[in-house]
Amino acid sequence: MVEGPALLVLTLGAVVLLLLLILVLKLHAFFSLLLVSMVLGLGSGMAPTRVLKSMQTGFGDALGFIAVVVALGAVIGRMLEHSGGGRALADWLLAKTGPKHAVWAVFFAAFLIGLPIFFEVGFIILIPLVYSLTRESGRSLLYFGLPAAAALTVTHAMVPPHPAPAAAAQLLGADMGKAILYGAALSVPMALIGGMGYGLWIARRMHVPVPESAPLAAPAQSGVNGASHPLLVALVLLLPVMLIFAASFAEMLQTAGQAAFQFLGHPFTALMIAALAAMVWFGFRRGLNRNGVLKLAEEALKPLGSLLAIIGGGGAFKQIIVDSGAGAYGGRLLAESAVSPLVVAYLVALGLRVAQGSATVAIITAGGIVAPLFKELPGHSPEIVLLALCAGGTALSHVNDAGFWLVNQCFGLSVADTLRTWTVMKVITSIAGIACVLLVHRLLG
């Protein structure tokens, strides 16, 4: 078996090979992760049968919990998308806040919508409202667009059941309930600083009109044949968080019926209840029959195959790092280093994000790399490591990221202006995230 510095160099070489396979050869991340896992295992001196067994174990461990969480979250998101509830919630908040505080209505609507819905979908849901408010107010499109985009993209990267933070939580051995609560809590200052802080600042200095090709937005309608009631939408979106919080509160206070609270507050149960509620209120109560609701659920689950394969591949890679001994050796070096391990986790995810563009791939791959290191490192909870990792993975979206081009086209910006607005906002949210993580860790440590 290869040991010591040579094993560490071999592991770093495996990461470089992974990037080459994805970026140069354009090989799918799933196949790249499996190939690199085999190369690292065999190169470190592991027996071929042990390499395959290790990969099988890692793949199964990664998917055994996370597949359920991601699938249930996808169903909730698809039901909300179909019902028009996201737009109805935004319109309701806008009516409550009035034109003077419209940007806050858009921001909070984006935050709630972003909890179960992928960034791209949430962005498409809200962009017509952003266009409408921009036309009515005469402000820069960035004034409403960047706060909404910030809230959507931060929750996508930080809060399970989104695939990247959910998969990384599983790889790190983090408690999923705490991961959801902590991720949602950290998303608030990140989105506020990047979206409301920098977003409004740059909007006052850079006037961006609504693109001429942008369609006119029609207001969402509530009722049986229209969108669901906005308060009901908010309740369904917050239901899993409330159940998980209730379970944590019951455990802390050692209340009677704690077992029941723990059952209802488990991510499986909490998300299942929310998914069933979404099926009833966003499906059946809006006139869909059983076949219609089933079709929506199937549509939500079909795109998950590629994501789950990548998550499993990340688990296989992580297990090879553990079983080869590279994780234990790297953990000892990290413990002796003067650099904060949380900063290391942040930079690993940041580097992968910059190199290959996808936040999901970056966070999952980084989770597989750093998880073995922290097994040998006391004093750092897996939840705090997860937050640092996800903060790094959401940074610096540029020309190799699909989200960059979505914002570029919908906002009608040049590449240079997209870098000045969207990319800088992403960097600021990321820095705010790791700063909050380091501050909390220092205060609690």
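Refer to the structure printed above.
Described below are features of the structure shown in this document. Keep in mind it's a predicted model, so treat the numbers as computed, not measured.

### Remarks on the overall build of the protein
Part 1 of the argument: The helix and strand inventory of the protein stands at 20 helices and 0 strands.
Part 2 of the argument: By the compact-globule yardstick of 22 Å for 445 residues, the protein fits well, its C-alpha radius of gyration being 22 Å.
Part 3 of the argument: Along the first, second and third principal axes, the C-alpha set of the protein runs to 65 × 55 × 45 Å.
Part 4 of the argument: Across the protein, contacts joining residues at least 24 apart in sequence account for 81% of those joining residues at least 6 apart.
Part 5 of the argument: Summed over all atoms, the accessible surface of the protein reaches about 18300 Å², with 68% contributed by carbon and sulfur.
Part 6 of the argument: Side chains of the protein give 24 positive and 17 negative charges; the mean places of these two sets differ by 7 Å.

### Concerning the pattern of salt bridges
Part 1 of the argument: Evaluated as defined, the whole model comprises 3 salt bridges.
Part 2 of the argument: A salt bridge links Arg78 to Glu299; the shortest N-O distance between them is 2.7 Å. Note that Arg78 is positioned in helix H3 (residues 48-83) and Glu299 in helix H13 (residues 290-301), a separation of 221 residues in sequence.

### Thoughts on the nonpolar core
Part 1 of the argument: Phe123, Phe317 and Phe411 are the most contacted members of the largest nonpolar core, which has 153 residues in total.
Part 2 of the argument: If sequence neighbours within four positions are ignored, Phe317 has contacts with Ala14, Val15, Leu33, Val36, Ser37, Leu40 and Ile369.

### Observations regarding the packing of aromatic side chains
Part 1 of the argument: In this structure the tally under the stated criterion is 11 aromatic pairs.
Part 2 of the argument: Look at Phe107 and Phe108: their rings are 5.5 Å apart centre to centre, the planes differ by 75°, and that puts the pair in the edge-to-face class.
Part 3 of the argument: The buried category is assigned to Phe107, whose relative accessible area is 2%.
Part 4 of the argument: The partly exposed category is assigned to Phe108, whose relative accessible area is 42%.
Part 5 of the argument: Three or more aromatic residues link up through ring pairs in this structure, and these residues are Phe119, Phe123, Phe411 and Trp422.
Part 6 of the argument: One cation-aromatic arrangement involves Arg139 over Tyr143; the distance from NZ or CZ to the ring centre is 4.1 Å.

### What about the environment of Ala67?
Part 1 of the argument: Mapped onto the elements of the fold, Ala67 is located in helix H3.
Part 2 of the argument: When its relative accessible area of 24% is taken as the criterion, Ala67 is described as partly exposed.
Part 3 of the argument: When the C-alpha positions of Ala67 and Pro161 are compared, they lie 9.8 Å apart, and in sequence the two are 94 residues distant.

The rules behind each value
- Every chain is numbered on its own, with residues counted from 1 as its sequence reads.
- Reporting of local features is limited, given that this is a predicted model, to residues whose pLDDT is at least 70; pairs of side-chain atoms are given and counted only at 80 or more, and all residues count toward the totals for whole chains, interfaces and linings.
- Calculation of side-chain values draws on the structure's entire complement of heavy atoms; hydrogens and water are dropped beforehand.
- Here a helix means four or more residues in a row that DSSP labels H or I, a strand means two or more in a row labelled E, and each is numbered from the N terminus.
- Atoms considered for the radius of gyration are the C-alpha atoms alone. The globule rule reads 2.2 Å times the number of residues to the power 0.38.
- Contact between two residues is taken to exist if any of their heavy atoms lie within 4.5 Å; hydrogens are not considered.
- For the accessible areas, the method is Shrake-Rupley and the probe is 1.4 Å, while residue cover comes only from the protein chains on display.
- Charged residues are defined here as Lys and Arg on the positive side and Asp and Glu on the negative side; His and the ends of the chain fall outside this count.
- Charge coordinates come from a single atom per side chain, which is NZ of Lys, CZ of Arg, CG of Asp or CD of Glu.
- Definition used for salt bridges: Asp or Glu carboxyl oxygen within 4 Å of a side-chain nitrogen of Lys or Arg.
- Put simply, buried Ala, Val, Leu, Ile, Met, Phe, Trp, Tyr and Cys residues joined by side-chain atoms within 4.5 Å make one nonpolar core.
- For each residue, the accessible area found with a 1.4 Å probe, counting protein chains only, is set against the maximum for its type, and the residue is called buried under 20%, exposed over 50%, and partly exposed in between.
- Here a pair means two rings of Phe, Tyr or Trp (six-membered ring of Trp) with centres within 6.5 Å. Their orientation is stacked below 30 degrees between planes, edge-to-face above 60, and tilted elsewhere.
- Placement of a charge over a ring requires the Lys NZ or Arg CZ to be within 6 Å of the ring centre, with the centre-to-atom vector within 35 degrees of the ring normal.

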